[in-house]
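Below, each chain spelled out in residue letters.
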Amino acid sequence: MFSTNILAQEIIGVPKIMDGDTVYINNYKIRLEGIDAPEMKQKCKKVFLKIAVIIGLNFSKDYACGMTSKKKLINKIDNIKIMCISLSKDRYKRYLATCYKNDIELNKWMVRNGHAVAYKRYSKKYVQDENYAKKNKLGLWQGKFIRPEKWRKLN
């Protein structure tokens, strides 16, 4: 028989959004588990003009994808109470959690809409959602970007 001493911790409240994968509720710093959003200073590229005549030229420009990711999460939560369920903490003492606004799982929503990627090193849970966003060219997948984990190492 397998037994575990892990107790799920429910954290409920109106969050302060730090970035696309980190929120504060009261004194709890919460990392949305299994996802990785662009960093606040991270830039990505998005096509702003396509010329399809003969050659097919694309003109791209940089945009603040980290800020965009944060704004998408802010707009989705819309100053409403959310519930986060945490089973553990990371090495930075943040609560790793799956968070919900009513019946919407926010971790999944961020990846499925291309505002974050699946953090495959730690979880395979959101890989299908990332594939969906990629296939449908949603959010980050509309242009080019460096995966946040790699961007952090380079910066």
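In what follows, the accompanying structure is described.

Cut-offs used in this document
- Residues numbered from 1 in each chain as written.
- Predicted model: local features only at pLDDT ≥ 70, side-chain atom pairs only at ≥ 80, totals over all residues.
- Heavy atoms only, no water.
- Buried < 20%, exposed > 50% of the residue type's maximum accessible area, 1.4 Å probe, protein only.
- Helix = DSSP H or I, 4+ residues; strand = E, 2+ residues; numbered from the N terminus.
- Arc of directions from axis to C-beta.
- Contact = heavy atoms within 4.5 Å.
- Disulfide = S-S within 2.5 Å.
- Pairing = 2+ DSSP bridges.
- Salt bridge = Lys/Arg side-chain N within 4 Å of Asp/Glu carboxyl O.
- Core = buried A, V, L, I, M, F, W, Y, C linked by side-chain atoms within 4.5 Å.

## As for helix α3 (residues 127–135)
Okay, so step 1: Residues of α3 that are buried: D129, E130 and A133. The buried residues of α3 all sit within an arc of 100° when viewed along its axis, so they share a single face. When the buried face of α3 is taken as reference, the exposed residues oriented beyond 90 degrees from it are Q128 and K135.
Okay, so step 2: If you follow the buried residues of α3, they end up packed against α2 (106–112) and β11 (117–118).
Okay, so step 3: The positive-phi residue at the C-terminal boundary of α3 is K137, with phi of around 50°.

## Notes on the state of the cysteines
Okay, so step 1: Inspection of the entire model under this criterion finds two disulfides.
Okay, so step 2: Sulfur-sulfur distance for the disulfide between C44 and C65 comes to 2.0 Å. Between C44 and C65, the S-S torsion sits near 65°, and that sign places the bridge as right-handed. With C44 in strand β6 (residues 44–51) and C65 in helix α1 (residues 65–77), this pair connects stretches of sequence that are 21 residues apart.
Okay, so step 3: Each sulfur of the disulfide joining C84 and C99 lies 2.1 Å from the other. Disulfide C84-C99: torsion about the S-S bond near 110°, hence right-handed. Placement of the pair is C84 in strand β8 (residues 82–89) and C99 in strand β9 (residues 95–101), with a sequence separation of 15 residues. A single burial state applies to C84 and to C99, both of which are buried.
Okay, so step 4: Among the cysteines of the chain that take part in disulfides, numbered as they appear in the sequence, the pairing is 1-2, 3-4.

## Topic: the pairing of strand β4 (residues 28–32)
Okay, so step 1: By the bridge criterion, four bridges tie strand β3 (residues 22–25) to β4 in an arrangement that is antiparallel. Counted as the bridge partner of V23 is I30 from β4.
Okay, so step 2: Between the antiparallel neighbours β3 and β4 lie two residues, among them N26 with a positive phi of about 55°.
Okay, so step 3: Here β4 runs beside β9; their pairing, made up of three bridges, is parallel. Its bridge partner lying in β9, L32 is registered against A97.

## Quick look at the pattern of salt bridges
Okay, so step 1: Tallied over the full model, the rule gives twelve salt bridges.
Okay, so step 2: Residues K120 and E130 are paired through a salt bridge, measuring 3.1 Å at the closest nitrogen-oxygen approach. Of this pair, K120 sits in the loop between β11 and α3 while E130 sits in helix α3, placing them ten residues apart in sequence.
Okay, so step 3: On the basis of relative accessible area, K120 is assigned to the partly exposed category, the value being 33%.
Okay, so step 4: Note on E130: relative accessible area 2%, which makes it buried.
Okay, so step 5: A salt bridge links R121 to E149; the shortest N-O distance between them is 2.4 Å. With R121 in the loop between β11 and α3 and E149 in helix α4 (residues 148–154), this residue pair connects regions lying 28 residues apart in the sequence.
Okay, so step 6: Look at R121 and you get exposed, because its relative accessible area is 52%.

## Some points on the nonpolar core
Okay, so step 1: In terms of nonpolar packing, the biggest core is built from 22 residues, with I30, I35, L73, I82, C84 and C99 touching the most fellow members.
Okay, so step 2: Where this core is concerned, the elements lending two or more residues are β3, β4, α1, β8, β9 and α2.
Okay, so step 3: The greatest single-element share of this core, amounting to four residues, is contributed by α2.
Okay, so step 4: Discounting chain neighbours no more than four positions away, the residues touching I30 are I11, D21, T22, V23, I25, C84, Y95, A97 and C99.

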